[in-house]
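# Analysis of the macromolecular model
Spelled out, the chains give:
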Amino acid sequence: FEYQLSSEGHEVALPLAVEYGFTDRLEFLIEPVAYTAIRPKVGPRATGGGDLEATLTYLVRRETPGIPAIALAGEVKFPTTGNKLIGTGKTDFAGYLIGSKRFGRLDTHADIGYTIVGQPAGLQLKNIFNFALGWELGLGQASELYGELLANTAAAAGSETSGTPAPGTTTPEAPTGEVVGSLGIGRYVVPSVRFSFGVSVDNSGAVLLRPGITVRRP
């Protein structure tokens, strides 16, 4: 569950993720958004399901004492929402190079990505570079702290708005350049069920609260 609050209003979303490992090197991730509600202080509101993302990740090289693990990922965003306040209505394609290294109880991750952005009618959006740093610190057998620093370049000039765009300008959903920092804690209540709670803040001052549940099946 996600609740985001900013000076422009608030948003609520219910993102889901299902991940399946075909082998110990190849996994598939599908991420639908079951519900989204955008509630700006000024301008039209939106309610409905969000877009769907599907990602295939392959472990190219296993980690060794001196070299991090290396993986490649390909992602497709399918425009499953018809509301332009929630999605652009076009398909996006992204590729990622991922590195991971463990130092005792600390897992570290870094990736760089490039997104080919679908072009809505009447708009000219730029492709996006994505960057991420992440870590997970084990606290005993059942708990962990985690954090992320995410950034992306802008698809269009100007900022996201909640109103109807003027002709030739960006849609509300089209992302601008953004930097997001996150911090959270997770705990396994039983070996297969993990509860977590995270807080994110972006460079515009928006605050995102994210409680979550992870269920692992053998």
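Residues numbered from 1 in each chain as written. Predicted model: local features only at pLDDT ≥ 70, side-chain atom pairs only at ≥ 80, totals over all residues. Heavy atoms only, no water.

## Some remarks on the overall build of the chain
To keep it simple, the criterion reads: Numbered from the N terminus, helices here are DSSP runs of H or I no shorter than four residues, and strands are runs of E no shorter than two. Our radius of gyration looks at C-alpha atoms and nothing else; its globule reference is 2.2 Å times the residue count to the power 0.38. Classification of residues uses two cut-offs on accessible area relative to the type maximum, computed with a 1.4 Å probe and protein chains only: under 20% is buried, over 50% is exposed, and between them is partly exposed.
Looking only at helices and strands, the chain features zero helices and 14 strands. Relative to the 2.2 N^0.38 estimate, which gives 17 Å for 218 residues, the radius of gyration of the chain is 18 Å and therefore close to what a compact globule would have. Dimensions of the chain along its principal axes, counting C-alpha atoms only, are 55 × 30 × 30 Å. For the chain, with 218 residues in total, the buried portion stands at 33%.

## Examining the side chain of Ser200
This is how the line gets drawn: For this analysis, a polar contact is any N or O atom pair within 3.5 Å, provided that within protein one partner can donate a hydrogen and the other can accept it, and provided that sequence-adjacent residues contribute only side-chain to side-chain pairs. A contact between two residues is defined here by any heavy atoms of the two lying within 4.5 Å.
Considering the arrangement of structural elements, one finds Ser200 in strand S13 (residues 193–202). There is a polar contact of 2.5 Å between the side chain of Ser200 and the side chain of Ser182. Sequence-distant contacts of Ser200, defined by excluding residues within four places in its chain, comprise Val180, Gly181, Ser182, Ala206, Val207, Leu208 and Arg210.

## Considerations on the packing of aromatic side chains
What counts here: A pair of Phe, Tyr and Trp rings is counted when the ring centres sit within 6.5 Å of each other, with Trp represented by its six-membered ring. The angle between the planes then sorts it: under 30 degrees is stacked, over 60 is edge-to-face, the rest tilted. For a lysine, the NZ atom is tested; for an arginine, the CZ atom; a charge sits over a ring if that atom is within 6 Å of the ring centre and within 35 degrees of the ring normal.
For the coordinates displayed, the defined rule picks out two aromatic pairs. With 5.2 Å between their ring centres and 80 degrees between their planes, Tyr20 and Phe22 make a pair best called edge-to-face. Given a relative accessible area of 51%, Tyr20 falls into the exposed group. The ring of Phe103 has Lys101 lying over it, and the distance from NZ or CZ to the ring centre is 5.1 Å.

## Digging into the pairing of strand S3 (residues 18–21)
Keep this limit in mind: Should DSSP find at least two bridges between two strands, the strands are regarded as paired.
Bridging between S3 and strand S4 (residues 26–40) involves four bridges; their strand directions are antiparallel. Pairing of Glu19 across the sheet is with Leu29, part of S4.

## Structural notes on the environment of Trp135
Relative to the helices and strands, Trp135 resides in strand S10 (residues 128–139). Distance in space between the C-alpha atoms of Trp135 and Ile213 is 19 Å, their sequence separation being 78 residues. Excluding its chain neighbours within four sequence positions, the residues that come into contact with Trp135 are Leu106, Asp107, Thr108, Leu145, Tyr146, Gly147 and Leu183.

## Considering the side chain of Lys77
For Lys77, the location among the structural elements is in strand S7 (residues 69–78). Within the structure, Lys77 has its side chain in polar contact with the side chain of Thr88 (distance 3.3 Å).

## Thoughts on the pattern of salt bridges
Heads up, the condition is: In what follows, salt bridge is the name for a side-chain nitrogen of Lys or Arg lying within 4 Å of a carboxyl oxygen of Asp or Glu.
Tallied over the full model, the rule gives seven salt bridges. Glu2 is paired through a salt bridge with Arg210; the nearest N and O atoms lie 2.9 Å apart. Taken together, the residues Glu2 in strand S1 (residues 2–6) and Arg210 in strand S14 (residues 207–215) connect sequence positions 208 residues apart. The exposure class of Arg210 is partly exposed, given its relative accessible area of 33%. One salt bridge connects Lys101 with Glu63, and the closest N-O pair in it is separated by 3.2 Å. Taken together, the residues span a long stretch of sequence, with Lys101 in strand S8 (residues 92–103) and Glu63 in the loop between strand S6 (52–61) and S7 at a distance of 38 residues. Look at Lys101 and you get buried, because its relative accessible area is 13%. Classification of Glu63 by relative accessible area gives partly exposed; the value is 35%.

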